[in-house]
Amino acid sequence: MNTIKNIGVFTSGGDSPGMNAAIRAVVRTGLYYNLQVTGIMRGYDGMINGEFIPMERKSVANIIQRGGTILKTARSEEFRTKEGREKAYQQLKKQNIDALVAIGGDGTFTGANIFIDEFHIPVIGLPGTIDNDLVGTDYTIGYDTAINTVVEAVDKIRDTAESHDRLFIVEVMGRDSGLIALRSGIGTGAESILIPETKTDINALLARLEKGRKDKSSKIIIVAEGDDAGGAFEIATIVKGKFPAIDTRISILGHIQRGGAPSCMDRVLASRLGVAAVESLIAGKKGEMIGVVNNNIHFTPFANAIKHIADVNAELLKIVDILSL
Ligand code: F6P
């Protein structure tokens, strides 16, 4: 029997396109099942400070297509402390919130896991991050939009690179994960893709550049910000030292990767996961992240979702080898 009456929903950590679509799905599904839904502003910080807003159908009208998050987001230092979590729990109690949907990444779920242990409140997580670095889902909400943003930017860089016969080293986000770099690199026909999941062999990179020097006038190297050989500046210094005659430029794409209207894929993913989140809370689940694996809804305990870097698809790595330089 369902004992939940009021679901609190919040976004936490770095924002990602599609978070609004997820909030909308949680709110509308909650109302569909005659529950109250409360928006919690600014993630765990807002929970601690009692920043709550009652959500109605119209609170989430016209947001499915908007990037960012209407509930705002933060990385909370205070929630890392026992006192902070105690304050957050007291605020939830005062507001009669008896279950939570947390939309975020590994930091969000780490906090949620401790919170469940300490206060036994049911929490279900939705993977909201551009990094795609969670285990238990093929795609996180925001990843598809982010890689398309990178592809659009690199296509433009390729135009100017081609006109000037230049090499561009493009640094993309992903924290410790190379999944943004890998897919966007394949999608843009990058000559090399450097990711933290595989050891970067600088000599091999230089040998590839040497080999491809006469074949192609423009070259793109995509480097993930977390790569073990360093970021775009470090790679450029090495390349320029070895090949002073190659006209080399750097482009760090930065936070444009986090903004913009979510792709249709992210909107649909967020909608599916939002519905599943509310239904699973009603069914008595807690402490799990909901993802999509092989196009089916899939549950993963928080501890497993955040434990490892998601595996890199070996087939994609092989494709890079065959198709680049
Ligand atoms: O986790 C999302 C992400 O954009 C990472 O790719 C990046 O390393 C980090 O957040 C940047 O965080 P901030 O916006 O706090 O600088």
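Residues numbered from 1 in each chain as written. Predicted model: local features only at pLDDT ≥ 70, side-chain atom pairs only at ≥ 80, totals over all residues. Heavy atoms only, no water.

1. As for the pattern of salt bridges
Turning to step 1, where the next piece is worked out: Taken as a whole and assessed by the stated rule, the structure comprises 13 salt bridges.
Turning to step 2, where the next piece is worked out: The residue Glu 118 makes a salt bridge to Arg 85 at a minimum N-O spacing of 2.7 Å. One end of the pair, Glu 118, is in helix H4 (residues 106-119); the other, Arg 85, is in helix H3 (residues 82-94), and 33 residues separate them in sequence.
Turning to step 3, where the next piece is worked out: For Glu 118, a relative accessible area of 24% translates into the label partly exposed.
Turning to step 4, where the next piece is worked out: For the salt bridge of Arg 249 with Asp 247, the shortest nitrogen-to-oxygen distance reads 2.9 Å. (Salt bridge = Lys/Arg side-chain N within 4 Å of Asp/Glu carboxyl O. Helix = DSSP H or I, 4+ residues; strand = E, 2+ residues; numbered from the N terminus. Buried < 20%, exposed > 50% of the residue type's maximum accessible area, 1.4 Å probe, protein only.)

2. Remarks on the site of the ligand
Turning to step 1, where the next piece is worked out: Around the ligand sit Arg 75, Ile 130, Asp 131, Met 173, Gly 174, Arg 175, Glu 225, His 255 and Arg 258, and that is every residue in its neighbourhood.
Turning to step 2, where the next piece is worked out: Contacts to the ligand include Asp 131, whose side-chain N or O atom sits 2.7 Å from an oxygen atom.
Turning to step 3, where the next piece is worked out: When the free accessible area of the ligand is taken as 400 Å², the share hidden by the protein chains comes to 74%.
Turning to step 4, where the next piece is worked out: Spatially, the ligand is embedded in the largest pocket.
Turning to step 5, where the next piece is worked out: Counting residues domain by domain, the shell around the ligand receives three or more from each of domain 1 (6-142 + 262-305) and domain 2 (144-258). (Near = heavy atom within 4 Å. Polar contact = N/O pair within 3.5 Å; in protein donor to acceptor, adjacent residues only side chain to side chain. Areas by Shrake-Rupley, 256 points an atom, 1.4 Å probe, with all protein chains shown as cover. 1 Å grid on protein atoms, 1.4 Å probe; cavity = no way out; pocket = protein on both sides within 12 Å on 5 of 7 lines; lining within 4 Å. Sits in = over half its atoms within 2 Å of the grid points. Domains from an automatic or database assignment.)

3. A short note on unusual backbone geometry
Turning to step 1, where the next piece is worked out: Not every positive phi belongs to a glycine, and Arg 42 is a case in point at roughly 55°.
Turning to step 2, where the next piece is worked out: Summarising the element assignment, Arg 42 is placed in the loop between strand S2 (36-40) and helix H2 (43-49).
Turning to step 3, where the next piece is worked out: For Arg 42, a relative accessible area of 32% corresponds to the partly exposed category.
Turning to step 4, where the next piece is worked out: Within the chain, Asp 165 stands out as a residue other than glycine whose phi angle is a positive 55°.
Turning to step 5, where the next piece is worked out: With respect to the secondary-structure elements, Asp 165 resides in the loop between helix H5 (143-164) and strand S6 (167-172).
Turning to step 6, where the next piece is worked out: With a relative accessible area of 47%, Asp 165 lands in the partly exposed category.

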